[in-house]
Structures are given as structure tokens and as C-alpha cells.
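Below, each chain spelled out in residue letters.
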Amino acid sequence: MEEKDWKKIMDDQDRQYLIKTTLPDHDKWMEYLRCLFPTTGILGKMFCNSFMSESVELLKHAVFLYEDGYFDCAFYSVRQSIENLNNMLYLSEDDEKLNSMLYLSKDNEKLKKWKAKERFPSDKKIKDILQETNDAYLEIKSSIPEIFHAYDELLKKANKYIHKQGFDTFFIYPWKKEELIAPRTSLFEELLKQAIGMLLLMNIVLDPLAFALCDSEVEKHIHFDPMAEPIPLYIFGELYDFDVAKRIKQTIFYKDFIKFF
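The rules behind the values
Residues numbered from 1 in each chain as written. Predicted model: local features only at pLDDT ≥ 70, side-chain atom pairs only at ≥ 80, totals over all residues. Heavy atoms only, no water. Helix = DSSP H or I, 4+ residues; strand = E, 2+ residues; numbered from the N terminus. Buried < 20%, exposed > 50% of the residue type's maximum accessible area, 1.4 Å probe, protein only. Polar contact = N/O pair within 3.5 Å; in protein donor to acceptor, adjacent residues only side chain to side chain. Contact = heavy atoms within 4.5 Å. Phe/Tyr/Trp six-rings, centres within 6.5 Å; stacked < 30°, edge-to-face > 60°. 1 Å grid on protein atoms, 1.4 Å probe; cavity = no way out; pocket = protein on both sides within 12 Å on 5 of 7 lines; lining within 4 Å. Points joined across faces, edges and corners; volume = space filled by probe spheres on them. Nonpolar A, V, L, I, M, F, W, Y, C, P; charged D, E, K, R; others polar.

> Would you mind showing me how to read the side chain of Asn 134 here?
Relative to the assigned elements, Asn 134 resides in the loop between helix H6 (123–133) and helix H7 (135–143). A relative accessible area of 13% places Asn 134 in the buried class. Looking at Asn 134, its side chain comes within polar contact range of the main-chain nitrogen of Ala 136, at 3.2 Å. Beyond its immediate chain neighbours, meaning those up to four positions away, Asn 134 contacts Glu 93, Ile 129 and Val 205.

So this is what it looks like as C-alpha cells:
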């Protein structure tokens, strides 16, 4: 047997439990993710552009990982995308100093600790803090609970794959493959769907101008060229059977924001 044949045999053996698949809605997910360019021009919060871009890439990578057979890593990548956005909101909480020209060259204390990789709150703690201190986050979550609730419930199931609880979450569980792969794929796509919705909402919480630019009643009064990018509003309409945009327009934080225009 030639050496190259032996290497191929060994390589195939090493990868025998990576079951490749194609997501039924692959094209739809990639279309959404490719048109996401979440951007803010708020002075003192522009570091958040890196957080939002990273979260978009994490969701893209989740698709690639799942289809290449790394299902546990794919679920983790989705989870990390949203935790990254929670951290972003925590680090960017409104502070008078953040909007001061004298403070632009400095980092807030929380951001300094994050950059230095010092001890950082858990995701659960971060979400608790946001609900107590970030009015926009709390109101969006209260106005559109379906997306947050669905994501949390799906994540509980995804965590079983991430943490390897139950033999059916193992790679070395070869029997009844089809019976396992179909429901797992369905879970992954539903989690991805809710994560995309969460990403759009987090963008709006950070900078409501991203939503105002899609609001025809407000956009016509914006007489400057903002750095913020409008969110692809059509995604909400395709993902959900209720009017997300209408609920956002009814929130106090958004009504207060558009008074400026």
C-alpha cells in the first residue's frame, strides 16, 4: 500500500464521525447574514462596531461548522454571538463621560478591564445588570418577549450538545443517525433564526438611529448623512408572523429618540 493511500485511510478514519450536511435553508440564512452591516456612529460607542461585526461572523461560522459536522461547535458559536452582544451593551451603557469630547480618547473602566482580560461577569449576571440599568434593553425585551423567550428555550436544548449531556450528543453515537440529525438540524436552524432576530434588536438598543433610518415617517426628517447603517427591516417580516417594527415604534425609548427629529 502506498503511503498516500495509507494517509487517506487514516484521515478518513479520523473524520468518520463528522457527518456533513446542508442546512435546508442555507441560502436564506447566508442572504440575511451577508446583508447585516450593523454600525453606529455614536461617539464613545464606536468600539461596539467591532462587537457587532464579530457577532455576524460568529453566526456565519456557525453555519459552516454545522454543515461540516462540528455541530457542538456550531451551537457554541451561535451562543457566543449573542453573549458577545450582551457584553457590548454592558460595556457601552450610557455614561455622561462617554459623550464628552474630553473623554473620547479614554476607555471606560469596564472596557479597560475587558481589554485586560480581567475577571468579567457571567452572561447571566450581565443580562441581570442590563435589565436593571438599560431602559432600552428592558423595554425592547418587554415589548417583544417572543424572540428572547424562544431564544432562551432553544439555547437550553442547544447547551446539551455544547456540554455533551446524553449519549445522543456524542460524535461517537453512530446508530440511527438520520433519526438524530433531522431534529438536531431543526433545532440549530430555529436557534439561528432567533439569534439573527436578537442581533437586529441589540443593534437597535445600542443605536435606535439604525431603526429610525427605516422608519419612513422619521427618515425624511434626517437631514444629515449618518454613520449608522439602517437595519435590513425585511428580515423581521420574513422571520416572524407578528409586526416587530410596529412594536418597536410603540416603545417609549424610541418615541423619545425620534423627538429630536
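There is more to say after this.
> Explanation requested: the packing of aromatic side chains in the structure shown.
Summed over all chains, the structure comprises 18 aromatic pairs. Look at Trp 29 and Tyr 32: their rings are 6.3 Å apart centre to centre, the planes differ by 70 degrees, and that puts the pair in the edge-to-face class. Here Tyr 32 and Trp 29 lie together in helix H2 (residues 26–34), a separation of three residues that amounts to about one turn. Grouping residues by exposure puts Trp 29 and Tyr 32 together as buried. When the ring of Phe 75 is compared with that of Phe 188, the centres are 5.6 Å apart and the planes differ by 75 degrees; the resulting orientation is edge-to-face. Pair noted here: Phe 75 is in helix H4 (residues 71–91) and Phe 188 is in helix H9 (residues 177–206), with a separation of 113 residues, a long-range link. A relative accessible area of 0% places Phe 75 in the buried class. The class for Phe 188 is buried, based on a relative accessible area of 0%.

> How should I be thinking about empty space enclosed by the protein in this particular structure?
Once rolled over the atoms, a probe with the size of a water molecule shows which space is left empty. Applying the stated criterion to the full structure yields two cavities of 30 Å³ or more. Its boundaries defined by the atoms lining it, the largest cavity holds a volume of some 130 Å³. The greatest single-element share of the lining of the largest cavity, amounting to four residues, is contributed by H9. Residues of the lining of the largest cavity, tallied by class, amount to nine nonpolar, two polar and three charged. In this structure, the second largest cavity occupies an estimated 80 Å³ of space. What lines the second largest cavity is simply Ile 82, Glu 83, Asn 86, Asp 123, Lys 127, Tyr 137, Lys 141, Phe 148, Tyr 151, Asp 152, Leu 155 and Met 198. Put simply, the parts of the chain that give the lining of the second largest cavity at least two residues each are H4, H6, H7 and helix H8 (145–162).

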